[in-house]
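Chain by chain, the residues run as shown.
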Amino acid sequence: MKKTLALIVDDEPDIRELLEITLNRMNIQTCSAENIARAQALLQQKTFDLCLTDMKLPDGNGLELVDFIQTLSVPIPVAVITAHGNMESAILAMKKGAFDFVSKPVDLPALKQLVNNALKISDETSSSKERRTRHTLLGESLIMQEIRAKIDKLARSQAPVYISGESGSGKELVARLIHQHSSRSDHAFVAINCGAIPHELMESEFFGHKKGSFTGAVSDKKGLFQAAEGGTLFLDEVADLPLSLQVKLLRAIQEKKIRPVGDQQEIPVDIRLLSATHKNLNDMVNDGSFRQDLYYRINVIDLHVPPLRDRRSDIPLLTEHILAKLTNANKQDRPALSVSAAVALQRYHFPGNVRELENILERALALYEGNSIESDDLSLPLDTHESAKSAEYDLILGSLEEHLEKIERKAISMAMEENQWNKTAAAKQLGLSFRSLHYRLRKLNMDN
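What you see as residue numbers is a count from 1 along each chain, following the sequence as written. The predicted origin of the model limits local features to residues at a pLDDT of at least 70 and limits the giving and counting of side-chain atom pairs to 80 or more, whereas totals for whole chains, interfaces and linings rest on all residues. Hydrogens and waters are ignored; side-chain quantities use all the structure's heavy atoms.

1. Some details on the packing of aromatic side chains
- Pairing of aromatic rings covers Phe, Tyr and the six-membered ring of Trp, with a centre-to-centre limit of 6.5 Å; geometry is then stacked below 30 degrees between planes, edge-to-face above 60, and tilted otherwise. Evaluated as defined, the whole model comprises 5 aromatic pairs.
- Relative to Phe234, the ring of Phe189 has its centre 6.1 Å away and its plane inclined at 25°; by these criteria the two rings are stacked. Remark: Phe234 occurs in strand E10 (residues 232-236) and Phe189 occurs in strand E9 (residues 189-193); sequence separation between them is 45 residues. Each member of the pair, Phe189 as well as Phe234, carries the same accessibility label: buried.
- Look at Phe206 and Phe207: their rings are 6.1 Å apart centre to centre, the planes differ by 55°, and that puts the pair in the tilted class. Each helix is a run of DSSP H or I of at least 4 residues and each strand a run of E of at least 2, with the numbering of both proceeding from the N terminus. Burial classes: relative accessible area under 20% of the type maximum marks a residue as buried, over 50% as exposed, and values in between as partly exposed (1.4 Å probe, protein chains only).

If you want it as C-alpha cells, here you go:
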C-alpha cells in the first residue's frame with residue numbers, strides 16, 4: 001500500500017517540527033524544506049500527495065512555490081500558512097491555485113481537517129478519476145465546454161467561488177456540480193436564497209441561536225453554517241444581505257468560526273463557500289451597499305454563467321432534454337418540434353434564460369394538438385430586444401428557415417408520392433396528425 005507523503009516548507013524549525021508531528025500522527029510521512037530552492041528540488045525528486053508552505057521564506061515568497069507546483073505534470077494540493085490577519089496573501093494564493101490556507105498560530109484540528117480534505121483530492125487526481133458534468137450541465141457550445149472544464153478544476157480547490165449570471169441561467173446547478181465533484185461530496189450541500197430571509201432572522205438563520213437568546217427562541221438551534229459542516233454552503237442572491245450581516249459573515253469566513261446568537265463561545269466550522277447573484281456586485285461596492293472586503297473575500301474565483309442567448313447553438317439540445325424530462329414526468333408521448341417552432345426558439349431573446357425555456361415548453365405541452373408543437377403553441381412574448389437585432393442575424397436565421405423548409409417540403413412530397421397522395425396515410429408515415437399535415441401543406445403552398 002502506497003504511503004502518503006507530504007512536503008512541509010517553513011524556515012522556522014519549531015513550526016516544521018509541529019507540522020511533522022501532527023502529520024505523522026495521522027500516519028502521513030513527511031519531508032521538510034527550509035526554503036523554496038530546497039522545496040523545488042524535493043518536488044522534482046519525489047512524488048508528494050500534499051504540500052504545506054509558509055508564505056515568507058528566506059529566498060522568496062510561498063506564492064512562487066504555488067506557481068511552481070501548478071507547472072508539475074501532476075499538480076498536488078498545496079496549502080499556504082499565513083500570518084494572522086494577512087488575508088490578502090491567502091486570497092492571492094488561492095487565486096493562483098492553492099487548495100486552502102491556514103493562519104498562524106496553527107489551529108491543529110483545523111489543520112487536520114484541511115489535510116484530510118486535501119488528501120481526498122490528491123487520491124482522485126492520482127487515480128485520474130474522470131469527472132463528468134456533460135450529462136447534467138447540457139450544451140456543446142465552446143463556452144459551455146469551458147465552464148465544465150472550469151467546474152472540474154474548481155472542484156479540486158477550497159477557494160470561495162462567486163458565480164455570476166442572469167436569473168435562470170443555472171447558477172445553482174453550477175454550484176451543485178462544484179460540490180458534487182469535490183472532496184466534500186459526501187457531506188451536505190446547503191443552498192439558501194438570501195433575499196428570502198427576513199432581516200431580523202438572518203443572524204439566527206446563519207449562525208444559530210441559544211435557547212432564550214431572544215423572544216421565541218424556545219430551544220437551541222443550529223444555523224446554516226453548522227448544517228453545512230464538512231460540506232458546501234451556497235449563498236444565492238448574496239447581494240441581498242444587509243450590511244450588518246455582511247460584517248459577521250466576513251468574520252465567519254476569515255476566522256472559520258461562528259458564534260450563535262446568545263452564546264459566549266465561538267464554534268469552529270469547516271465549510272466551502274459558494275455564492276451567486278444576478279446583480280452587479282462591483283457596482284454595489286462602488287455605491288456602498290456591499291462591503292468591499294467581503295466582496296474580495298467571496299470573489300476569490302469568479303465563474304460567469306452565460307445567458308442562453310449567448311449560446312443559441314445549445315437551444316435544440318436543451319429543448320430535447322426538457323421535453324423528454326417533462327413528458328416522462330407526466331407519462332405522456334413526446335411531441336416533435338416543428339421547424340417553425342424551432343426557428344422561433346432560435347430567434348427568441350430568452351430574458352429568463354433556461355428557466356424560461358422550460359416554462360415555455362411546459363406551457364406548450366399543455367396547449368399543442370396533434371403530434372407536434374407549432375410556433376403558435378409556444379406563446380412567445382413580444383421580444384422588443386430581438387426586433388432591434390441586426391439585419392445580419394435575421395439573414396442567418398432566414399437562411400436557416402429556408403433550408404429547413406426545403407427539407408420539410410421534400411419529406412412531405414416523398415411521403416405523399418409513396419402513399420398515392422393519400423393524406424391520412426402520408427400523415428401516419430410522417431408521424432403527424434392529419435391536422436398537422438394539412439397545416440403544413442397550406443403553409444408550404446402544397447395543398448393544390
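2. Description of the pairing of strand E8 (residues 161-164)
- Both faces of E8 are covered, namely the face carrying Val161 and Ile163 and the face carrying Tyr162 and Ser164.
- A pair of strands is treated as paired once DSSP finds two or more bridges between them. Bridge count between E8 and strand E13 (residues 272-277): 4 bridges; the pairing is parallel. Bridged to Tyr162 within E13 is Ser275.
- Of the pairings in the sheet, the one linking E8 to strand E14 (residues 301-304) comprises 4 bridges and is parallel in character. Paired with Val161 across the two strands is Ile301, which belongs to E14.

3. Some words on unusual backbone geometry
- For the bond running from Lys104 to Pro105, omega is -5°, close enough to zero to count as cis.
- Secondary-structure assignment places Pro105 in the loop between strand E7 (100-103) and helix H5 (108-126).
- If you check the backbone angles, Asn353 has positive phi at about 60° while not being a glycine.
- With respect to the helices and strands, Asn353 occurs in helix H15 (residues 353-367).
- Of note in the backbone geometry, Gln420 takes a positive phi value of approximately 50° without being a glycine.
- Within the secondary structure, Gln420 sits in the loop between helix H18 (391-418) and helix H19 (423-430).

4. Quick notes on the confidence of the model for the protein
- Summary of the metric used: pLDDT quantifies the predictor's per-residue confidence within the range 0 to 100. Per-chain confidence: the protein averages 87 in pLDDT, with 91% of residues scoring 70 or above.
- Across residues 125-131, confidence stays below pLDDT 50; counting only partners more than four residues off in sequence or on other chains, it has 9 contacts. Throughout, a residue-residue contact means that at least one pair of heavy atoms, one from each residue, lies within 4.5 Å.

5. A look at the sheet that holds strand E3 (residues 50-54)
- If you trace the 5 strands from one edge of the open sheet to the other, you get E2-E1-E3-E6-E7, paired in parallel fashion. In this open sheet, the two edge strands, each paired with only one partner strand, are strand E2 (29-33) and E7. On average, adjacent strands in this sheet sit at an angle of 20° to one another, irrespective of strand direction.
- Pairing geometry for E3 and strand E6 (residues 78-82), over 4 bridges, is parallel. Each residue of the ladder has a partner; that of Thr53, found in E6, is Val80.
- Axis lines are fitted through C-alpha atoms, for helices just across the contact stretch, and the angle between N-to-C directions can take any value from 0 to 180 degrees. Each of strand E1 (5-9) and E2 is contacted by helix H2 (residues 36-45), which is oriented at about 140° to E2, the strand it contacts most.
- Relative to E7, helix H4 (residues 87-95) is tilted by about 160°, and along the sheet it contacts E6 and E7.

6. Some remarks on the pattern of salt bridges
- Salt bridge, as used here, is a side-chain nitrogen of Lys or Arg placed within 4 Å of a carboxyl oxygen of Asp or Glu. Summed over the entire model, instances satisfying the criterion amount to 18 salt bridges.
- The partner of Glu205 in a salt bridge is Lys221, with the nearest N and O atoms 2.6 Å apart. Remark: Lys221 occurs in the loop between helix H8 (202-207) and helix H9 (224-227) and Glu205 occurs in helix H8; sequence separation between them is 16 residues.
- Here Glu358 ties to Lys325 by a salt bridge, and the two come within 2.9 Å at their closest N and O atoms. Remark: Lys325 occurs in helix H13 (residues 315-330) and Glu358 occurs in helix H15; sequence separation between them is 33 residues.

7. Describing a negative patch on the surface
- Taken together, the side chains of Asp11, Glu34, Asp59 and Glu64 present a region of like negative charge at the surface.
- If you trace the backbone, Glu64 turns up in helix H3 (residues 62-70).
- Judged by its relative accessible area of 41%, Glu64 falls in the partly exposed class. Patch members must show over 30% relative accessible area and no salt bridge, and they are joined within 9 Å when carrying like charges or within 5 Å when they are nonpolar side chains of Val, Leu, Ile, Met, Phe, Trp or Tyr. Accessibility throughout is a Shrake-Rupley quantity obtained with a 1.4 Å probe, and a residue counts as covered only by protein chains that appear here. Within this scheme the basic residues Lys and Arg register as positive and the acidic residues Asp and Glu register as negative, but His and the chain ends are omitted. The atoms used to mark charge sites are NZ of Lys, CZ of Arg, CG of Asp and CD of Glu.

8. Notes on the environment of Leu323
- Here Leu323 lies in helix H13.
- Taking the relative accessible area as the measure of exposure, Leu323 reaches 4% and is therefore buried.
- Between the alpha carbons of Leu323 and Val66 there is a distance of 46 Å; along the sequence they are 257 residues apart.
- Ignoring any residue separated from it by four or fewer positions in sequence, one finds Leu323 in contact with Arg334, Pro335, Leu361, Leu365 and Ile373.

9. So, the sheet that holds E10
- In space, the 5 strands of this open sheet follow the order E9-E10-E13-E8-E14, with parallel pairing throughout. Edge positions in the sheet fall to E9 and E14, since each has one partner strand and no second. Each strand of the sheet is rotated relative to its neighbour by a mean of 20°, with strand direction disregarded.
- On the sheet, helix H6 (residues 142-154) packs against E8, E13 and E14 and is oriented at approximately 150° with respect to E14.

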